[in-house]
Amino acid sequence: MGCGSSKDAPARTVQAVESDAQGRQASERERLMEEGTAKEASTVKASQPLIAKSGNKDTQKIIDKIQNGEDFEANKWRCLHSPDFAYYSLSPFAQLEVEIVEARKLIPSVTSGFESYVGDEPDGFVKVFVDDTFKYSTRCINNDRNPKWQDRRRVVDIVADRSIIRLHVYDSDSSDNSTLIDPIGFVEFCIGDIPFDHDIDGWLELRFPGNLQGYNTDRYAEHMAMREEERGTHMPTTRLGKEKGKEEDKNDKSKKNSKKDDLPEAVEPADLYKVEAQVIRESVANRMFKRLRRAGTRANPNADAPPNTQFNAGEIHVKLKLVRCVSENTALFAKALVPSCTSFASFIQEEFLPKLDVQELLDDTLDLKIEIVDEMLFAVYAFACYVLAWRSIIVSGLLFIAVACGVKSSMLVYAFGHLWMAMILVLLKFDNWRLPMTMNGQNAPLNEEGFRFVARCRDVYEMHAYLLRMIASRSGSINSMQELLHFSGTIVQGDGKLTVTFDELLKALRELWFLEFPKGITHLEVNSLVRVHDRRRGTVTKIETNSKVATSNPHRQQIHVLFDEEGSTPMDSALDGVYDAWDVSVRPSVPAIPRFLVPQTILSLVATLQLEVDTYKKTILPVADSIREFFRWRKPKWMALVLSLLLFRSYVSFEGFLDENSWCHFALKVMSVIRNVVLGVLIIVVLFGQARIWKVGRGLVMLAVNKISENRKAPTCWAFYKDHSEAYFAKKKKAE
């Protein structure tokens, strides 16, 4: 029996161990489930959740888990050390109660040629956006310019104190309001200007759809300061050519004639609303829209306006109330958050246009190419070729001396090297030195001066590149590239000498068998998209003939150009000008393509490229302009400072080489310490710029600045606001 007992004991021990292990596993599962339940309880459900398209409940649960935000009160410090992540992951600190009641005087919808003649009453509905992100939409009211939605009061989550709300009215041509919709007007306002627990009940002015450009903060600041109707961009609400009786037709014709001078020549003044609708519908007319806005702005916007004209897209009646979800002290952390937004760049919403127009995308891309590649990279390459080819004995010789002195002493290398850099900066101030050093066939101006600069290079391939640009700017085509290369080598003779002028070269190119050009004296027409001096882009508005100049002279044509944008320098600030025909070149243009012929992948790619190019243009071009202005002595104070440091460094090195006991050795050590400190600070900024401690400091500064500048005075600070009891023309009569 003793043996039997000794065998049973270990068996019971193993069973006990297994039982204990199972118990521990069960308790661990229960603990994890409790933690998961607690974790789910710490999240807050979104007031306007995303809905699964398929309606599958399991999928909807997954979307809800992803979308639910973590409690703002418990994670408020995340706003300081991880503000970008906090904006997307936290629950709202406040909720905006929105009730969309009605609208009045909505502009008619024009989506086809038939509707542009007979007119169309809009089938309006409203989409609500927070920081350019869609939240919900109202029901659609058909065929009514004064729809009454009477939408129930809804709640919109607000995470950042500076979030922008956009109420956008659309016209629907579909049953579910998801496709075939056209923008009618929009209005935007900032949460940071709305007082808490205060009811706002009034009419908000709707802006024309073409104003949906750039960033929402800029649009809001512009509209908050001035109403749309005060800007004078007008839009008739009915077709002017529509028959209303003989007397009205006569009045309409007289008013059309009186308005004719206020419009650009290329615009048919018979129907202003049709022109405006085309601009909204097709962004190929984006440049025309900008000109209409400039031409339509005047002291009294109601003067000489056509009948049935509106100076805004209508008005929308809303009721608003902002309510905190957290304590007052915790709500301060929301001021450290920077809300995300979409840049609509300089183009109009492509998703609502019947045709895909990438002209603006192409123009912006070429602007980047001209400013970065041509003006900077090719300029550096041309300077390197200038030095290595010994086109200037002074420039190349002094650099050779600096390098050769390295055999004797490093002090001499520093002395001659800094002296050489100072000399280069001085030479860049003078055009007769800077232009030959920084120009080649890729970036030389297409005129007599640029032609001579390229000839001095005595390089066949540089001249070939220059001729390619000349031919492309005159809308020419090449039948034999090898013939053109051979012809390029015969233009320059001897030591960079020319036997023909730029104008004579253009005449010769037109007669060569392997090149083809458009017929006529000039390659331009009214409304041609052009660049002046191969740089600024604009549109031809008028072509004049100078009768005093010989018929065979290429400068006989005077071209009037209206620029798309202001120049980057004070000399290029004018928005229009008159130029010789050969100073104006045609820029590449892309025809608009019907959207139903374009694959969805291409549409998505174009939209992505538009945003990226616009971002690069706004971030890179200002830096490039600053660098270029510095080297062109447009910032003389900074240039004088750098030049003084270079000359002082050169003198100290010379003095130190001549006298080993001179004070200059101590000065060199001090300068080396300063240099190392500056480099160390830059390295620290680069390495730790994204560290949590820096973000906390930045967040505290933003929180303090926003708290000090807090000004919750809406709606009194909104120029686009009217009380709910005011009539549509109340403000206009008061202004008169």
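Conventions we followed
- Residues numbered from 1 in each chain as written.
- Predicted model: local features only at pLDDT ≥ 70, side-chain atom pairs only at ≥ 80, totals over all residues.
- Heavy atoms only, no water.
- Core = buried A, V, L, I, M, F, W, Y, C linked by side-chain atoms within 4.5 Å.
- Buried < 20%, exposed > 50% of the residue type's maximum accessible area, 1.4 Å probe, protein only.
- Helix = DSSP H or I, 4+ residues; strand = E, 2+ residues; numbered from the N terminus.
- Contact = heavy atoms within 4.5 Å.
- pLDDT = per-residue confidence, 0-100.
- Pairing = 2+ DSSP bridges.
- Axes fitted to C-alpha atoms, helices over the stretch in contact; angles between N-to-C directions.
- Phe/Tyr/Trp six-rings, centres within 6.5 Å; stacked < 30°, edge-to-face > 60°.
- Lys NZ or Arg CZ within 6 Å of the ring centre and 35° of its normal.
- Arc of directions from axis to C-beta.
- Salt bridge = Lys/Arg side-chain N within 4 Å of Asp/Glu carboxyl O.
- Parallel < 35°, antiparallel > 145°, perpendicular 65-115°, else oblique.
- Left-handed = near helix turned anticlockwise from the far one by under 90°.
- Nonpolar A, V, L, I, M, F, W, Y, C, P; charged D, E, K, R; others polar.
- Patch = residues over 30% accessible without salt bridge, like charges linked within 9 Å, V, L, I, M, F, W, Y side chains within 5 Å.
- Areas by Shrake-Rupley, 256 points an atom, 1.4 Å probe, with all protein chains shown as cover.
- Expected span 1.5 Å × (residues − 1).
- Disulfide = S-S within 2.5 Å.

Things to note about the nonpolar core
Counting 56 residues, the largest nonpolar core has L96, F189, L204, I316 and W718 as its most contacted members. For this core, the element with the highest residue contribution is strand β3 (residues 94–104), accounting for five residues. In contact with W718, other than residues within four places in its own chain, are F189, D193, I194, I200, L204, Y220, M224 and L320. Listed in part, the 26 residues of the second largest apolar core include L435, F453, A455 and L498.

Concerning the confidence of the model for the chain
Taken over all residues, the pLDDT of the chain has a mean of 76, while the share at 70 or more is 75%. Contacts for the low-pLDDT stretch residues 1–15, under 50 throughout, to residues beyond four places or in other chains number zero contacts. For residues 346–350, every residue scores under 50 in pLDDT, and the model assigns this stretch 29 contacts once sequence neighbours within four places are set aside.

Section: the sheet that holds strand β24 (residues 721–723)
Sheet strands pair by backbone hydrogen bonding; their relative direction is either parallel or antiparallel. Strands sit in the order β6-β3-β12-β9-β24 across an open sheet of five strands; the sheet is antiparallel. A single partner strand is all that each edge strand has here, and the edge strands are β6 (154–158) and β24. Taken pair by pair, the neighbouring strands of this sheet meet at an average axis angle of 40 degrees, ignoring direction.

Here's the deal with the packing of aromatic side chains
What the rule picks out here adds up to 16 aromatic pairs. Between W513 and F514, the ring centres sit 5.5 Å apart and the planes meet at 90 degrees, which makes this aromatic pair edge-to-face. When its relative accessible area of 60% is taken as the criterion, W513 is described as exposed. Among the aromatic residues, those joined into a cluster by ring pairs are F72, F93 and F196. Residue placement shows R104 over the ring face of W203; its charged tip is 3.8 Å from the ring centre. In this arrangement the basic side chain of K127 is found over the ring face of Y170, its NZ or CZ atom lying 5.4 Å from the centre.

Overview of the sheet that holds strand β7 (residues 164–172)
Spatially, the four strands line up as an open sheet ordered β5-β4-β7-β8, and their pairing is antiparallel. Across the chains shown, the open sheet's two edge strands, defined by having one partner strand only, are β5 (133–137) and β8 (181–190). Each neighbouring strand pair of the sheet contributes to a mean axis angle of 25 degrees, computed without reference to strand direction. Taken together, the nine bridges between β7 and β8 define a ladder with antiparallel strand orientation. Looking at the pairing, I164 lines up with C190 of β8. Along the sheet, helix α6 (residues 216–225) contacts β7 and β8; its crossing angle with β8, the most-contacted strand, is approximately 75 degrees.

Quick word on α6
All of the buried residues in α6 are N216, R219, Y220 and H223. When α6 is viewed along its axis, its buried side chains cluster within an angular range of 100 degrees and face the same direction. Buried residues along α6 sit against β7, β8, β9 (200–205) and α7 (228–231).

Some details on the pattern of salt bridges
One pass over the structure, following the stated rule, counts 32 salt bridges. In this structure, E102 engages K148 in a salt bridge whose closest nitrogen and oxygen atoms are separated by 2.7 Å. Pair noted here: E102 is in strand β3 and K148 is in the loop between β5 and β6, with a separation of 46 residues, a long-range link. Between R434 and D431 there is a salt bridge, and its shortest N-O distance comes to 2.8 Å.

Details of the packing of helix α13 (residues 393–404) against helix α14 (residues 410–427)
Remark: α13 packs on α14, axes separated minimally by 8 Å, with the N-to-C direction vectors making an angle of 160 degrees. For the element pair α13 / α14, the angle class is roughly antiparallel. Crossing of α13 against α14: the hand is left-handed. Packed against α13, whose contacting residues are I394, V395, L398, L399, I401 and A402, the element α14 presents V413, F416, G417, L419, W420, M423, I424 and L427 at the interface. For the contact of α13 with α14, the per-class residue count stands at 13 nonpolar, one polar and no charged.

Regarding unusual backbone geometry
The residue after A714, namely P715, is reached through a cis peptide bond having omega 5 degrees. Topologically, P715 is positioned in the loop between α23 (692–708) and β24. The backbone of K105 shows a phi angle near 60 degrees, a positive value even though the residue is not glycine. In this model, R458 sits at a positive phi of 50 degrees, which is unusual for a non-glycine residue.

Here we look at a nonpolar patch on the surface
Where nonpolar side chains cluster on the molecular surface, the patch consists of F666, V670, I674, V678, L679 and L682 and spans about 570 Å² of accessible area. Within the secondary structure, L679 is located in helix α22 (residues 664–688).

Let's talk about the pairing of strand β19 (residues 536–545)
Bridging between strand β18 (residues 529–532) and β19 involves four bridges; their strand directions are antiparallel. Within β19, the residue paired with R531 across the bridge is R537. The loop that links β18 with its antiparallel partner β19 comprises three residues; one of these, H533, has a positive phi angle of about 55 degrees. Sheet analysis places β19 next to strand β20 (residues 557–563), joined by seven bridges and oriented antiparallel. Paired with V540 across the two strands is V561, which belongs to β20.

Points about helix α20 (residues 600–631)
Given a rise of 1.5 Å per residue, 32 residues ought to cover 46 Å, and the 46 Å separating the end C-alpha atoms of α20 matches this to within 8%. Within the sequence span of α20, burial applies to L603, V606, Q610, V613, D614, K617, L621, A624, D625, R628 and F630. Backbone geometry just downstream of α20 places W633 in the positive-phi region, at approximately 65 degrees.

Observations regarding the environment of K76
On the secondary structure map, K76 appears in the loop between β2 (69–70) and α3 (78–81). Sequence separation between K76 and A334 is 258 residues, and the spatial gap between their C-alpha atoms is 8.2 Å. Excluding its chain neighbours within four sequence positions, the residues that come into contact with K76 are T330 and F333.

Points about the packing of helix α17 (residues 460–473) against helix α19 (residues 502–511)
Packing of α17 against α19 leaves a shortest axis separation of 12 Å and a crossing angle of 70 degrees. Accordingly, the angle class assigned to the pair α17 and α19 is roughly perpendicular. Contacts between α17 and α19 involve Y466, L467 and M470 on the former and, on the latter, F502, L505, L506 and L509.

A few points about the state of the cysteines
Per the counting criterion, the structure on display carries zero disulfides. Not part of a disulfide, C190 finds its nearest cysteine sulfur in C717, a span of 9.2 Å. Take C190: its relative accessible area is 10%, and that puts it in the buried class.

A word on the pairing of strand β4 (residues 124–130)
Among the seven residues of β4, seven are classified as buried, and the element is accordingly described as predominantly covered. As defined by bridge partners, β4 adjoins β7 across seven bridges and the pair is classed as antiparallel. Paired with G124 across the two strands is D171, which belongs to β7. Taken together, β4 and the strand that follows it, β5, pair antiparallel across an intervening segment of two residues, in which D131 is found at a positive phi of about 55 degrees.

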